[in-house]
Amino acid sequence: MHKDTQSPLVTTVIVNWNKKNDVLNLINSLVEIHYSNFQIVVVDNASTDGSADAIKKLPFPLTLIENTENLGGTGGFNTGIRFSINSLEQDYIWLLDNDAEVTKETLQELVTAAEEDATIGVAGSCMLSPDDPDLLVEAGAFVDWETGTWKHNLRYRKWSEVSEKKIVQVDYVAACSALVRSSIAKKLNGMDDRYFLHWDDIDFCLRIKDIGYKCVSVLSSKVYHGAENGFNPQGIYYDFRNSLITASKHLKGAKKTRAYGAICFNAFAVMALEWLMDRKDLSRLAFSSISDFITGRYGKAPFGVTGDNKNILKPVDTNVVRKCLGNTIVFSDGAYNEITHLFQYLRDLSPTAKLTFSVSSSRRELFQSVRPDDFHFVDNLKDPIFKKTINVFKTLISRFDCGISCESKSVNPYVFMVNKHYVYNAQDKQFYLSERSLGSLWKVACAAICGILGAIAWLPVVWFAGMREKQPHKIRTLL
């Protein structure tokens, strides 16, 4: 490395936590890329799988920084960014996820784009599916302040159909593969330390745009990175709390009020539904996301999810399920491979069954291989309240014989609108009867009411807490 001094010097920052094989594969692949003027900084977030020792044995130069605790993606990247801007010389800093798969041209294409336009502050690669190299996972994204979430750009489009755009301006690009000008990283002093996970790269890119630079996705720069891995309970906490932080920093007036309201509605509705489902830890996480924002507690979530969350599932014979597959709705809960396997299994069980797929419209292309008979397009968190209401009635009047999911950890409110709900375990091809069905629909109604009342009651408090953005940030965590 450092061979071609005519090209801009790039410091590659990789954050790792307990993914030894992935990070070793990534580092080894960097040796083969068609760009030689770069140096590598690996930040290990106190891994316990031997990652640090394995990295030390690699036969080429790099800098390994070993954190004494897991600082999350935010703290890990900030460790590498701040080390780079304070101790190294470089023109750009390339942020990389430890499980990303790069091509030989990934970095060169990012550098070329940035060098051709001095107004580009951060350039991100487009993410493609490892299972389908022509399928875009995303090419950057836009923040949707009306719902307090985000919309992926070109999500699940065919790369070959849109690649002629080459470079597209977006609100943010994921730190999965993002090239940042070193001068800008130094000016901003890296990411906001408060996030830990989720929204940190969104806020970072928005701050770059705030100081007058572009954020772009470079379609000719490819990385392969999956995005359909099922439900992560901790995401409830980080998504709600960190979206409030971001809205506080970047919005004003009515737009801020609307974003706060949407976030609070979703948080309190989730909190109520999880509580009614006797999943107390998840309910507490949802409440903590709001209360911690208000009290100024940031960083890592205050607690994890334990086995106290009840999820009553009763094994059911396959023949029982086969008999009620006449008019079935399949919910898109779970990992991609599980869902596609479920569809094929249901087709084998009952070739004449009508299978409707409940999925967000942005994911339709991802599941084109399953070929359902009909679609119900829903997005539990990103749909506004009026659209949620329409989807409820649409599901109810369809009078489905049963609904089937792969994921049992998340609570999808639409599963309460079918006569019977089954959860399918792909590993042992076993169906389980869930307690979530039409008989418990009142729980969803109560959750919606709690969401509305919670948003109304807590909005003034959240607004007042958001005024802290005018003051220096102080991080406070629980002892």
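Provided above is the structure to which this section pertains.
Residues numbered from 1 in each chain as written. Predicted model: local features only at pLDDT ≥ 70, side-chain atom pairs only at ≥ 80, totals over all residues. Heavy atoms only, no water.

Draft legend 1. Focus on the pairing of strand 3 (residues 63-66). Here strand 2 (residues 38-44) runs beside strand 3; their pairing, made up of four bridges, is parallel. Residue pairing in the sheet places Val-41 in a bridge with Thr-63 of strand 3. Considered for its hand, the β-α-β crossover made up of strand 2, helix 2 (residues 51-56) and strand 3 is right-handed. (Pairing = 2+ DSSP bridges. Helix = DSSP H or I, 4+ residues; strand = E, 2+ residues; numbered from the N terminus. Right-handed = clockwise from strand over helix to strand, strands pointing away.)

Draft legend 2. Main features of helix 9 (residues 253-276). Its 24 residues give helix 9 an end-to-end C-alpha distance of 35 Å, which sits within 8% of 34 Å, the value for a rise of 1.5 Å per residue. Looking one or two residues beyond helix 9, the residue adopting positive phi is Asp-278, at roughly 65°. (Expected span 1.5 Å × (residues − 1).)

Draft legend 3. Quick peek at the environment of Ala-54. Tracing the chain through its elements places Ala-54 in helix 2. Residue Ala-54 is classed as buried on the basis of its relative accessible area, which comes to 19%. The sequence separation of Ala-54 and Gly-140 amounts to 86 residues, and the corresponding C-alpha distance is 33 Å. Excluding its chain neighbours within four sequence positions, the residues that come into contact with Ala-54 are Lys-20 and Leu-24. (Buried < 20%, exposed > 50% of the residue type's maximum accessible area, 1.4 Å probe, protein only. Contact = heavy atoms within 4.5 Å.)

Draft legend 4. Layout of the pattern of salt bridges. What the rule picks out here adds up to 16 salt bridges. Between Arg-347 and Asp-373 there is a salt bridge, with the nearest N and O atoms lying 3.3 Å from each other. Of this pair, Arg-347 sits in helix 12 (residues 336-349) while Asp-373 sits in the loop between strand 15 (354-359) and strand 16 (374-377), placing them 26 residues apart in sequence. Relative accessible area serves as the criterion here: at 44%, Asp-373 is assigned to the partly exposed category. Three or more residues are tied together by salt bridges with common partners; here these are Asp-192, Arg-194, Asp-203 and Lys-249. (Salt bridge = Lys/Arg side-chain N within 4 Å of Asp/Glu carboxyl O.)

Draft legend 5. Summary view of helix 1 (residues 20-30). All buried positions along helix 1 are accounted for by Val-23, Leu-24, Leu-26, Ile-27 and Leu-30. The arc that holds the buried residues of helix 1, viewed along the axis, is 160°, so those residues lie on one side. Those residues of helix 1 that are exposed and aimed more than 90 degrees away from the buried face are Asn-21 and Asn-25. Where helix 1 is buried, its residues contact strand 1 (10-16), strand 2, helix 2, strand 4 (92-97) and strand 5 (101-102). (Arc of directions from axis to C-beta.)

Draft legend 6. Main features of the sheet that holds strand 15. Taking strand neighbours across the sheet as the criterion, the seven strands line up as 13-19-18-17-14-15-16 in an open arrangement whose pairing is mixed. Only two strands of the sheet have a single partner each, and these edge strands are strand 13 (313-316) and strand 16. The average undirected angle you get between the axes of adjacent strands in this sheet is 30°. As judged from the four bridges shared by strand 13 and strand 19 (residues 430-434), these two strands associate in the antiparallel manner. Each residue of the ladder has a partner; that of Lys-314, found in strand 19, is Leu-433. With respect to the sheet, helix 12 is in contact with strand 14 (327-331), strand 15, strand 17 (402-405), strand 18 (421-425) and strand 19, its orientation differing from that of strand 15 by roughly 165°. (Axes fitted to C-alpha atoms, helices over the stretch in contact; angles between N-to-C directions.)

Draft legend 7. Molecular detail of unusual backbone geometry. Its identity is not glycine, yet His-198 carries a phi of approximately 65°, on the positive side. Within the secondary structure layout, His-198 lies in the loop between helix 6 (182-188) and helix 7 (200-210). For His-198, a relative accessible area of 32% corresponds to the partly exposed category. Positive phi, normally seen in glycine, also occurs at Arg-399, with a value near 50°. Tracing the backbone through its elements, the reader meets Arg-399 in the loop between helix 13 (385-397) and strand 17.

Draft legend 8. Examining the nonpolar core more closely. Judged by nonpolar contacts, the single largest core of 65 residues is most densely connected at Phe-77, Leu-95, Val-122, Trp-145, Ile-290, Phe-293 and Val-462. By residue number, the principal contributor to this core is helix 9, which donates nine residues. Apart from the residues lying within four places of it in its own chain, the contact partners of Phe-77 are Val-13, Val-15, Leu-95, Leu-96, Asp-97, Ala-175 and Met-191. Formed by 36 residues, the second largest nonpolar core is a distinct cluster that contains Ala-54, Ala-113, Ala-114 and Val-223. (Core = buried A, V, L, I, M, F, W, Y, C linked by side-chain atoms within 4.5 Å.)

Draft legend 9. A look at a nonpolar patch on the surface. Among the surface-exposed residues, Ile-385, Ile-452 and Ile-456 lie close enough to one another that they form a single nonpolar patch of about 280 Å² accessible area. Summarising the element assignment, Ile-385 is placed in helix 13. Taking relative accessible area as the criterion, Ile-385 reaches 43% and is therefore assigned partly exposed. (Patch = residues over 30% accessible without salt bridge, like charges linked within 9 Å, V, L, I, M, F, W, Y side chains within 5 Å. Areas by Shrake-Rupley, 256 points an atom, 1.4 Å probe, with all protein chains shown as cover.)

Draft legend 10. Main features of the packing of aromatic side chains. In this structure the tally under the stated criterion is 13 aromatic pairs. Judged by centre distance (5.3 Å) and plane angle (85°), the ring pair of Tyr-237 and Tyr-238 falls under edge-to-face. The class of Tyr-237 is buried, set by a relative accessible area of 0%. Three or more aromatic residues link up through ring pairs in this structure, and these residues are Phe-343, Phe-357, Phe-375 and Phe-377. Lying over the aromatic face of Tyr-298, Arg-194 brings its terminal NZ or CZ to 5.0 Å of the ring centre. Between the NZ or CZ atom of Arg-468 and the centre of the ring of Phe-293, over which it lies, the distance is 5.7 Å. (Phe/Tyr/Trp six-rings, centres within 6.5 Å; stacked < 30°, edge-to-face > 60°. Lys NZ or Arg CZ within 6 Å of the ring centre and 35° of its normal.)

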